[in-house]
Amino acid sequence: MAKALLGHVGGPDPRMVSEMRRLQQRIRDLEAELIRLQATNDALAAQTRDEALSRMQMQEREPALT
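As the structure is a prediction and not an experimental result, all values here were calculated from the model. (Residues numbered from 1 in each chain as written. Predicted model: local features only at pLDDT ≥ 70, side-chain atom pairs only at ≥ 80, totals over all residues. Heavy atoms only, no water.)

A. How the structure looks around the overall build of the chain. Helices and strands together make up the secondary structure of the chain, namely two helices and zero strands. Total accessible area computed for the chain in this model is approximately 6,700 Å², and 61% of it derives from carbon and sulfur atoms. (Helix = DSSP H or I, 4+ residues; strand = E, 2+ residues; numbered from the N terminus. Areas by Shrake-Rupley, 256 points an atom, 1.4 Å probe, with all protein chains shown as cover.)

B. Seen up close, the pattern of salt bridges. By the definition in use, this model includes three salt bridges. Taking the shortest distance from any N to any O, the salt bridge between Asp13 and Arg15 comes out at 3.3 Å. In this structure Asp13 comes out as partly exposed when scored by relative accessible area, which is 30%. One salt bridge connects Glu33 with Arg36, and the closest N-O pair in it is separated by 2.8 Å. Here Arg36 and Glu33 lie together in helix H2 (residues 14-60), a separation of three residues that amounts to about one turn. For Glu33, a relative accessible area of 36% corresponds to the partly exposed category. (Salt bridge = Lys/Arg side-chain N within 4 Å of Asp/Glu carboxyl O. Buried < 20%, exposed > 50% of the residue type's maximum accessible area, 1.4 Å probe, protein only.)

Written as structure tokens, this is what we have:
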């Protein structure tokens with residue numbers, strides 16, 4: 001009987017459980033957003049590198065004889 005009473009009286013607060021679930025979901029959402037932003041940043045950095053390399057290669061070419 002003591003176990004039954006302790007489980008009933010000392011159980012987790014439903015509001016706290018709900019808040020914990022909400023916070024865990026928020027963490028998952030933020031982690032997903034971070035991964036998406038990192039991928040976008042990596043793509044933009046690669047594009048910038050490619051464009052800079054292309055400009056350098058064009059500048060290194062000698063002009064054509066006319």
